[in-house]
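Coordinates in review
Listed here are the chains, written in short residue letters.
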Amino acid sequence: MKVVGFCGYSGSGKTTLVEQVIAGLKLAGQRVSVVKHAHHSFDVDHPGKDSWRHRQAGAFEVVVASDRRLAKIREFEVPCEPTVHQLIAELYDCDWVLVEGFKHADLFKIEVWRASLGHPAQYIEDPFVTAIATDSPGQLPHATLRPVLDLNDAASVVEHLLHNQDRYEYRSPFSDAQPGGGVGEAAGSGYAGLRD
């Protein structure tokens, strides 16, 4: 399984890019899953529906399934913030996991950066940023050896991922079977970070 994060400030176009990359990878015959960080108040259930009523009655988990989809809703008994690795562990086997919203996670990611927003770039300080997708490559605040991808050309991002699959191979920090592995190396295959 390959895992890649997409990081960037709100309004940078992460969700649009991820949506297009999902479609491109699927066209290439890949099974794709997504892990998305959400605000604490999000809900996928609707008041009055059976599953909502079960949760309101105190169920810890509710699994709803049809012949087309499955949803699992878990109520945390005390507030907690699951790590991206814990969420990836919840997924069924797939070719790619695209992660959106875990900006500081210790896994490889593509930074989505727009000069027009005026936000600082993350790649300067984050060794887990493996590439930058931008609409303004000439305005990057710091020269980089990382690939610079066209934010408006999702096909180029898909091509980058498919040509660099080994880099994004995921090793779970929960697996004891990884050679030389530890939590610090969980994000990839021996990658120690790109230095510019």
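The rules behind the values
- Residues numbered from 1 in each chain as written.
- Predicted model: local features only at pLDDT ≥ 70, side-chain atom pairs only at ≥ 80, totals over all residues.
- Heavy atoms only, no water.
- Salt bridge = Lys/Arg side-chain N within 4 Å of Asp/Glu carboxyl O.
- Helix = DSSP H or I, 4+ residues; strand = E, 2+ residues; numbered from the N terminus.
- Buried < 20%, exposed > 50% of the residue type's maximum accessible area, 1.4 Å probe, protein only.
- Contact = heavy atoms within 4.5 Å.
- Pairing = 2+ DSSP bridges.

As a further point, take the pattern of salt bridges. In a structure, side chains of opposite charge can pair up when their charged atoms sit close to one another. Under the counting rule described, the total for this entry stands at seven salt bridges. With its nearest N and O atoms 2.9 Å apart, the salt bridge here joins E90 to K72. Of this pair, E90 sits in the loop between α3 (84–89) and β5 (96–100) while K72 is found in strand β4 (residues 70–74), placing the two residues 18 residues apart along the sequence. Since its relative accessible area comes to 40%, E90 is described here as partly exposed. Using a relative accessible area of 42% as the deciding quantity, one classes K72 as partly exposed. Note that K109 and D126 form a salt bridge whose closest N and O atoms lie 3.3 Å from each other. Taken together, the residues K109 in strand β6 (residues 109–113) and D126 in the loop between β6 and β7 (129–134) connect sequence positions 17 residues apart. By relative accessible area, K109 is classed as buried at 1%. Through salt bridges with shared partners, a single network forms among E61, K72, R74 and E90.

What follows concerns helix α4 (residues 154–163). Every buried residue belonging to α4 is among A154, S156, V157, V158, H160 and L161, and all of these are buried. Where α4 is buried, its residues meet β1 (2–7), α1 (14–27), β5, β6, β7 and β8 (148–150).

On to the pairing of β1. Looking along a regular strand, one sees the side chains alternate between the two faces of the sheet. Across the six residues of β1, six count as buried, placing the element largely inside the fold. Burial of the side chains of β1 extends over both faces: K2, V4 and F6 are buried on one face and V3, G5 and C7 on the other. Across five bridges, the pairing between β1 and β5 is parallel. For K2, the partnering residue across the bridge sits in β5 and is W96.

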